[in-house]
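# Examining the three-dimensional arrangement
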Amino acid sequence: MTMRRALCLGLLLAAAMWGPFPAVAADPWTLTKGVELVSRWPADRGAMREDRVTADLYRPKLEGRVPAMVIVNSSGGVRSYTERHYARVLAAAGIAALVIDSFTPRGVLGTGDDQNRVPQSRSNADAVAGFRWLAAQGWVDSSRIAVMGMSRGGEAAQAVALEQFRRGLAATDIRFAAHVAITPGGCNLQPRDTATTGAPIFFMLAELDDGTPALPCVELILRLRAAGNANVRWAVYPGVHHAHEATTGAEFLLKDWTARACAGRFFREADGGVTDRATGRRPDEPNLTKFLSATCIEAGYTIGGDERVKSQSTADLLQFLRDAEVLRDEEARAVVPDCESIPEGIHRRICVRARNGWTGDLVGLARGYRYAGRIRRDDALAARLFELAAKRGHAVAKWELAAMLRDGAGVGRDHARALRLACEAAEAGDSSGMNLCGYFIRDGIGRPKDDAAAAAWFRAAADLGHSNGMVNFARFMHGGRGGVPRDQAAAVALWRQAAFFKNPWAYVYLARAYESGEGVAADKDKALEYFRAAAAQESDGEAQRAAQEAVKRLQR
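Right, let's walk through the structure included here.

## A short note on the overall build of the protein
When helices and strands are counted, the protein shows 21 helices and 14 strands. Taken over C-alpha atoms, the radius of gyration comes to 31 Å for the protein, far larger than the 24 Å a tight globule of 556 residues would show. For the protein, the residues scored as buried account for 53% of the 556 residues in total. When the accessible surface of the protein is summed, it comes to about 24,700 Å², and 50% of that surface belongs to carbon and sulfur atoms. Looking at charge distribution, the protein has the averaged site of its 73 positive side-chain charges lying 2 Å from that of its 65 negative ones.

Structure follows, in C-alpha cells:
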C-alpha cells in the first residue's frame, strides 16, 4: 500500500467514525460521512471486479420516503463549490444527496492531468453503486433516485442513461428517474449507440467551455432525441467557462487533459474502445490512451463562472427535477386540478407545467378558467391559481387577483388587499398593474382619492403602450385633472393611438370629442363611426352600452 493510499484510507476511517450529525443545528438535513459503497465494474472478458468507495450523505429531516440524488465527483475531486454546493441545495429542497468520492478511497487526489489514474468506467460504476445503496434504504423512494455530476461526473450521469454502457455495468435492472450532465466529457467521444432508458436528461452547458465544448453536446442531444428520448433538455449558460460553479475569476488549467479535438472524429463503443466515424475502423494501436494522446488529447483549458449564472443554473436544476417528478411541488399540486380533466391541447400542456411549479403557467391556467372560450368558467379555481402565482411574486397574477378581489369574483371582496396587490404589480413594472393601481387611486377604492397619484400611474402605463392607460391619462389631459396641464388636442391624439389597438373606451372618447368638437373639429359622421365601433365590440359591456345609447341619440 502506498503512503498516499494509506493516508487516504486513514482519513476515511476517521470520517466514518464521525457518524451522522447535523452540519449546523439550523440545517434541514443530517450529514453522515463515510458511507461505504460496493462498486462493481467490468474487467477483462466480461468479468466484473469490485472495490469500495465512500460517500457523504445529506439526508433531509423529513418524515416518510424521500427522493434522492447520486452525485459523482468531477476530475478535481469532491469540492465545496460543486458537489457539496449541489448536495446542500438538494437536501434543503427535500432530496437526499449522496456525494460519492471516487478518488480518495482509491488513493487518488484528482485525475485532471491523467484520467488513467481512475478510469471513467469506475466513476460510471460508482453511480450504479450509489443507486443500489440508496434503493436499499427504507426511507428512500427508489422510484425517484436521480444522478448528476460535473465534467467527469457528468459523463457518468450521462453514461448510466445509455443502454450500451448499462449492459457493461450489469445495471440493466435499475433505472434512474433523471440524469443531470453538467459540462460532461462524454460529448467529445460520443457513444455509437444512443438508445437510453428514456428517463429525462438535462445537459447544463457553458458557452465559453474550451474543455468540454457545448456544440458537440448539442450534436449528442439531437442524436439522443432521434434515438427516441424526447425528454432531453439542454441549456447553454452565457459568459461562463467549464466549472461555472467556481466564481472567483477564470483560471487556466495548464496540465489538465481535454478531448475537445476528438469531437466528431470517434464513436465510443460499448467495450470502451473507439471507432473512427469517417472510416468505421478501430485504431491499430491496442493502447487506447496512447492512441488518443497521440491523436487528439490535448492539455489546457479554462475554468470559472459567475454567481449570477450559478444561481440561475441551480434554479434551473431544481425546476428540471420538478418536471421529471423527482421533486414534487406539493403546494402547486394542491391547487392545480387533475390535468386529465382538461381536453387535449395547449391548456393541458400548461396544466402539467403548472403542477410542476412553473409560475407563468399557473397564471395561464388561471386565465383559462377566468375567461370565456378557453377551458371553462370557474372563478373560484382561477382565484386560487392566481393566489398561488401572486404569492410567488408574479406581477400579472397580482393585478388579476386584485381585479377579482375588487369585484368579489370567485373570492370575497377585499378592496384594501386589491389595492395593495395592484400597486405591487405596478411597482414591479407591469403596465396593467399600473393602470389598475391608478384606477383604484382615482376612484378611492381601498384608500382616499388622489388624482395626482392616479395620473402618475396612468401616464406610466401609457408610456409602456397600455391602451387603457392611454385612455385614462388622456381623460386627465382633456380635463386638466390631477395636476396634468389641459391639452385637449393631445388627449385626442392619445385616444386615437389607443383606438388603433381597438380599445373600446378609446372609441367612445374619440366619438365624444368629435361630437363636441373639443380637441378636434366637430364631425358628426366621425362621431357615429367611432360610437358604432364601440357598440359592435363585445369585450367591454359598459363601453358597448354607452356607445349604443349614443348611436340611438345621434340617429334621431
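## Things to note about the environment of arginine 333
By the secondary structure assignment, arginine 333 is in helix H9 (residues 330-333). On the accessibility criterion, arginine 333 (18% relative accessible area) is buried. Measuring from C-alpha to C-alpha, the distance between arginine 333 and leucine 224 comes to 31 Å, with 109 residues separating the pair along the chain. Those residues in contact with arginine 333 that sit more than four places away from it in its chain are Glu325, Arg328, Arg355 and Asn356. Here the side chain of arginine 333 touches asparagine 356 through a polar contact of 3.4 Å, side chain to side chain.

## Quick look at the side chain of asparagine 435
Secondary-structure assignment places asparagine 435 in helix H15 (residues 431-443). Each residue touching asparagine 435, except ones within four places of it in the same chain, is listed here: Phe458, Ala461, His466, Asn468, Gly469 and Asn472.

## As for helix H18 (residues 488-500)
Helix length check: H18 (13 residues) gives 19 Å between terminal C-alpha atoms against 18 Å at 1.5 Å per residue, within 8%. Within H18 the residues assigned to the buried category are Gln488, Ala491, Val492, Leu494, Trp495, Ala498 and Ala499. Take H18 and look down its axis: the buried residues cluster within an arc of 165°, on one side only. Packed against the buried residues of H18 are helix H17 (467-479) and helix H19 (504-516). One or two steps after H18, the chain reaches lysine 502, where phi turns positive at roughly 60°.

Reading the values: the criteria
- Residues numbered from 1 in each chain as written.
- Predicted model: local features only at pLDDT ≥ 70, side-chain atom pairs only at ≥ 80, totals over all residues.
- Heavy atoms only, no water.
- Helix = DSSP H or I, 4+ residues; strand = E, 2+ residues; numbered from the N terminus.
- Rg over C-alpha atoms; globule rule 2.2 N^0.38 Å.
- Buried < 20%, exposed > 50% of the residue type's maximum accessible area, 1.4 Å probe, protein only.
- Areas by Shrake-Rupley, 256 points an atom, 1.4 Å probe, with all protein chains shown as cover.
- Lys, Arg positive; Asp, Glu negative; His and termini not counted.
- Charge placed at Lys NZ, Arg CZ, Asp CG, Glu CD.
- Contact = heavy atoms within 4.5 Å.
- Polar contact = N/O pair within 3.5 Å; in protein donor to acceptor, adjacent residues only side chain to side chain.
- Expected span 1.5 Å × (residues − 1).
- Arc of directions from axis to C-beta.

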